[in-house]
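Survey of secondary and tertiary structure
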Amino acid sequence: MIFLTLLFSTFREAIAKKIFIGFFAIATLIILVFLFLINVDSIEGMVNMMESSGEEGVRQLVIQFEVAMINISYLLVITFCFISVSSFIPSMLEKGNIDLLLSKPVTRAQIILAKFLGGVLLIFLSLLYLIGFVWLILSSKSGFWHVPFLYSILWLTLSFAVIYSLIIFIGLISQSSILSIILSLFLVFIVCPVLYFREETIFSLVSNNVVQFIINFFYYILPKPTDINQITTDIITGNPVKSYMPVFSSVLFMLAALSASIFYFKKKDY
Amino acid sequence: MNVVTTKNLSKEYSAKSFSKEKILALSNFSFEVQSGEIFGLLGPNGAGKTTLIKILLGITFPTSGDIKIFDKDISNQSYKKKVGYLPESHKFPNYLTGEQVLHFFGKLSGLSSNDVKKKSDEYLKLVDMEKWRKTKIKKYSKGMLQRLGLAQAMLNQPELIFLDEPTDGVDPIGRKEIRDILNNLKQQGTTIFLNSHLLSEVELICDRVAILNKGVLIKSGRVDDITATSDNYIFTTTDLDESVINKLLVSFKCTIKSKNEFYFNSDSVEELNKLIDFIRQNNIMIQGIAREKNTLEDMFINLIGSKN
Ligand SMILES: Nc1ncnc2c1ncn2[C@@H]1O[C@H](COP(=O)(O)OP(=O)(O)OP(=O)(O)O)[C@@H](O)[C@H]1O
Ligand SMILES: [Mg+2]
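1. Thoughts on the sheet that holds strand β1 (residues 2–14) of chain B
Residues and elements named next belong to chain B. Strand order in the open sheet formed by 4 strands is β2-β1-β4-β5, and the pairing between neighbours is antiparallel. Each end of this open sheet is capped by a strand with a single partner; those strands are β2 (22–34) and β5 (72–73). By the bridge criterion, 2 bridges tie strand β4 (residues 64–69) to β5 in an arrangement that is antiparallel. Looking across to β5, one finds that I69 is bridged to K72. Packed onto the sheet, helix α1 (residues 49–56) meets β1, β2 and β4 and runs at close to 115° relative to β1.

2. Thoughts on the interface of chain B and chain A
Across the contact, 28 residues belong to chain B and 27 residues belong to chain A. Counting each side, the surface lost to burial between chain B and chain A is near 2,500 Å², with a carbon and sulfur contribution of 60%. Our enumeration of links across chain B and chain A arrives at 3 salt bridges. Here B:K11 ties to A:D269 by a salt bridge, and the two come within 2.4 Å at their closest N and O atoms. In this structure, the connection of chain B to chain A is made through 12 residue pairs in polar contact (both at pLDDT 80 or more). Elements that contribute at least two residues to the side of chain B that touches chain A include exactly β1 and α2 (98–108) of chain B. Considering each element in turn, the side of chain B that touches chain A owes the most residues, 5 residues, to α2(B). Tallied by class, the residues present in the side of chain B that touches chain A amount to 13 nonpolar, 9 polar and 6 charged.

3. Considering the coordination of the magnesium ion (ligand 2)
Residues and elements named next belong to chain B. With distances of 1.9 to 2.4 Å, the protein atoms coordinating the magnesium ion (ligand 2) are T50 (OG1) and E88 (OE). Of this pair, T50 sits in helix α1 while E88 is found in the loop between β6 (83–86) and α2, placing the two residues 38 residues apart along the sequence. Judged by its relative accessible area of 32%, E88 falls in the partly exposed class.

4. Overview of the site of ligand 1
All names here are of chain B. Close to ligand 1 lie 14 residues, the nearest being G46, K49, T50, T51 and E88. Separating an oxygen atom of ligand 1 from a backbone N or O atom of A47 is a distance of 3.1 Å. T51 places a side-chain nitrogen or oxygen 2.5 Å from an oxygen atom of ligand 1. Notes on ligand 1: free accessible area 630 Å², of which the protein chains cover 68%. Elements with a minimum of two residues in the shell around ligand 1: β1, β2 and α1. Top element by residues in the shell around ligand 1 is α1. It accounts for 3 residues. Counted by class, the shell around ligand 1 contains 5 nonpolar, 7 polar and 2 charged residues.

5. Describing the confidence of the model for chain A
Scored by pLDDT, chain A comes out at a mean of 86, with 93% of its residues at no less than 70. When the elements of chain A are averaged for pLDDT, helix α2 (residues 19–43) of chain A gives the smallest value, 74, and helix α12 (residues 245–267) of chain A the largest, 95.

6. Considerations on the pairing of β4(B)
Residue and element names in this part refer to chain B. As defined by bridge partners, β1 adjoins β4 across 5 bridges and the pair is classed as antiparallel. Looking at the pairing, V4 lines up with I69 of β4. Counted between consecutive antiparallel strands, the loop separating β4 from β5 contains 2 residues, among which F70 sits at a positive phi close to 50°.

7. As for the pattern of salt bridges
Side chains bearing opposite charge may pair, as long as their charged atoms lie close to each other. Residue and element names in this part refer to chain B. A full pass over the atoms with the stated rule returns 17 salt bridges over all chains. With a closest N to O distance of 3.2 Å, K119 and E122 form a salt bridge. Linking K119 with E122, this pair stays in helix α3 (residues 113–126), spanning 3 residues, or about one helical turn. Between R175 and E201 there is a salt bridge, with its nearest N and O atoms 3.8 Å apart. Residue R175 is located in helix α5 (residues 172–187), and its partner E201 is located in helix α6 (residues 199–205); the two are separated by 26 residues in the primary sequence. Its relative accessible area of 24% is what places R175 among the partly exposed residues. Given a relative accessible area of 10%, E201 falls into the buried group. Salt bridges here are not isolated pairs; linked through shared partners, they connect E99, D121, R133 and K134.

8. A few points about the packing of helix α11 (residues 225–237) of chain A against α12(A)
All names here are of chain A. Where α11 contacts α12, the axes come no closer than 9 Å and their chain directions differ by 140°. With respect to their mutual orientation, α11 and α12 come out oblique. As α11 packs across α12, the resulting crossing turns out to be left-handed. Across the interface between the two elements, D227, I228 and I231 from α11 touch P246, V247 and S250 from α12. Here the residues of the contact of α11 with α12 sort into 4 nonpolar, 1 polar and 1 charged.

9. What about the packing of aromatic side chains?
Aromatic rings considered in pairs are described by the distance between their centres and by the relative angle of their planes. By the definition in use, this model includes 22 aromatic pairs over all chains. Residues A:Y219 and A:Y220 carry aromatic rings whose centres are separated by 5.1 Å and whose planes lie at 75° to one another, so their mutual orientation is edge-to-face. By relative accessible area, A:Y219 is classed as buried at 8%. Residue classification places A:Y220 among the partly exposed positions, given a relative accessible area of 44%. Aromatic side chains B:F162 and B:F193 sit 5.3 Å apart centroid to centroid with 50° between the ring planes, which places their arrangement in the tilted category. In this pair, B:F162 sits in strand β7 (residues 160–164) while B:F193 sits in strand β8 (residues 191–196), placing the two residues 31 residues apart along the sequence. An aromatic cluster is built from B:F29, B:F31, B:F39, B:F162 and B:F193, whose rings are joined through pairwise contacts. Cation over ring: A:K268 sits above A:Y270, and NZ or CZ is 5.9 Å from the ring centre.

Calculation criteria
- Residues numbered from 1 in each chain as written.
- Chains lettered and ligands numbered in written order.
- Predicted model: local features only at pLDDT ≥ 70, side-chain atom pairs only at ≥ 80, totals over all residues.
- Heavy atoms only, no water.
- Pairing = 2+ DSSP bridges.
- Helix = DSSP H or I, 4+ residues; strand = E, 2+ residues; numbered from the N terminus.
- Contact = heavy atoms within 4.5 Å.
- Axes fitted to C-alpha atoms, helices over the stretch in contact; angles between N-to-C directions.
- Buried area = accessible area lost by both parts, 1.4 Å probe.
- Salt bridge = Lys/Arg side-chain N within 4 Å of Asp/Glu carboxyl O.
- Polar contact = N/O pair within 3.5 Å; in protein donor to acceptor, adjacent residues only side chain to side chain.
- Nonpolar A, V, L, I, M, F, W, Y, C, P; charged D, E, K, R; others polar.
- Donors = N, O, S within 2.8 Å, 3.2 Å for Na, K, Ca; no water.
- Buried < 20%, exposed > 50% of the residue type's maximum accessible area, 1.4 Å probe, protein only.
- Near = heavy atom within 4 Å.
- Areas by Shrake-Rupley, 256 points an atom, 1.4 Å probe, with all protein chains shown as cover.
- pLDDT = per-residue confidence, 0-100.
- Parallel < 35°, antiparallel > 145°, perpendicular 65-115°, else oblique.
- Left-handed = near helix turned anticlockwise from the far one by under 90°.
- Phe/Tyr/Trp six-rings, centres within 6.5 Å; stacked < 30°, edge-to-face > 60°.
- Lys NZ or Arg CZ within 6 Å of the ring centre and 35° of its normal.

What follows is the structure in structure tokens.
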């Protein structure tokens with residue numbers, strides 16, 4: 001019961017901070033644009049294509065839309081969600097608030113887990129809204145009910161959860177939401193893509209074995225949202241997934257970051 | 001029975017992060033709070049009062065020492081269900097209304113939704129905040145926040161309640177109301193632990209006090225005992241003549257204040273009566289004898305002033 005109260009408070013905070021209103025506004029805009037595009041297409045492009053290449057053509061078009069949608073959501077989710085959740089921990093740690101929280105019969109581990117699960121649930125619901133609606137529109141218009149697209153809700157939530165565990169850890173240690181945002185965006189938009197394409201980028205410039213080993217080492221221990229995004233796309237387009245290693249290692253990273261957060265939080269004086 | 005007992009409690013903070021320099025916020029602090037009393041912890045700024053409360057509530061961890069609350073070790077969280085706390089300069093999430101604050105913290109204390117509702121009504125009335133219950137607390141004044149904080153601390157009907165500067169920012173009438181509330185709680189058997197600078201107020205409501213300076217306990221005891229230790233008697237009489245004054249000065253070592261008033265200092269009752277006999281023999285009427293009472297403030301300033 002107490003845990004649910006904590007979980008719910010995370011929701012209330014997100015709503016109160018109005019950042020999620022922004023998310024929903026943009027998501028709604030995207031949905032409307034989709035609706036509009038589909039309507040235009042169904043009149044000209046899609047109808048033509050249906051006639052020329054039949055059902056297969058529609059399928060291809062739907063999948064292309066879906067892949068575009070995943071990439072938009074990825075950008076949107078990552079940026080918006082990180083900004084909104086990055087203040088959860090620092091604001092909780094404010095003097096006069098954390099004291100009272102810790103004087104209640106909740107364990108420190110419960111507090112961290114509630115913040116984590118609250119954030120993850122929130123993003124899950126946001127994605128459910130965005131992707132769910134787009135899926136409904138696409139499917140009803142095209143008559144092609146492509147379920148793998150819905151799986152992307154889970155994959156994107158996972159990517160978020162992995163980075164969010166890091167945001168929590170940074171927030172606990174630095175008590176700064178700005179630092180959490182900067183570091184996580186840097187990781188997601190610079191470090192992870194570079195590591196993902198390390199063979200095409202760094203390795204083509206540096207052939208030193210030691211450097212390559214170090215780079216590989218970082219690739220394997222750091223979370224891999226870029227890889228997970230690729231896996232999501234592969235699943236939608238029906239390409240075989242090369243390896244699920246990025247998923248497992250990201251989940252491991254998440255568990256490690258959460259454990260480290262709980263460990264640190266348990267020892268800290270407030 | 002003791003509700004709180006500590007033995008040789010010490011707390012070191014590091015002065016800066018990554019520095020070896022230490023601040024000793026509490027040093028070998030041993031004390032107890034008895035069931036049903038109002039206990040006041042006094043001390044100048046930075047004495048370690050807040051630190052002590054935070055340690056007792058498991059918010060900060062002691063460097064060494066033992067703590068028992070309700071006769072149990074505090075490593076088990078369950079005692080917190082029976083404890084209330086009003087932090088110093090508390091900061092509730094400011095997007096909540098007064099009612100929502102009580103709901104949130106009440107639930108966290110383990111109350112059911114029904115109980116929270118019932119108790120919120122009761123305590124909001126008690127602290128005179130009923131008409132503000134639906135207002136977001138970012139619109140509250142400091143005193144209003146303090147009243148809400150007090151309601152929050154009482155909501156789970158704690159057996160032991162910690163108040164860090166409960167009357168901070170509250171107007172004189174509000175203070176009187178808070179004192180009445182605390183006295184009421186005491187009548188109901190709640191043990192109250194409070195931190196305060198406001199010595200005159202502590203004197204009015206506390207049964208026992210401890211005085212803390214730079215982390216060290218320098219005095220503790222019943223308020224009555226601490227404030228009544230003076231052996232100074234103030235005499236008011238009809239006019240004293242020259243010879244009597246001389247005798248008072250020389251034989252009784254009195255301090256003459258005026259023709260009608262003098263001070264006599266002695267811890268011997270015999271001496272006191274000798275003095276009274278002498279005055280009466282000289283046909284001087286005694287209009288009043290009062291044993292001077294030290295206020296807590298006098299004592300506090302004497303003790304702390306001499307240490308610094
Ligand atoms: N988190 C902390 N890190 C380092 N030092 C601290 C910390 N909290 C308190 N201190 C130090 O411990 C000492 C005691 O502080 P504390 O807040 O307990 O004083 P206090 O008696 O409550 O003072 P006040 O009357 O001003 O509220 C002070 O010297 C303070 O600087
Ligand atoms: Mg204090």
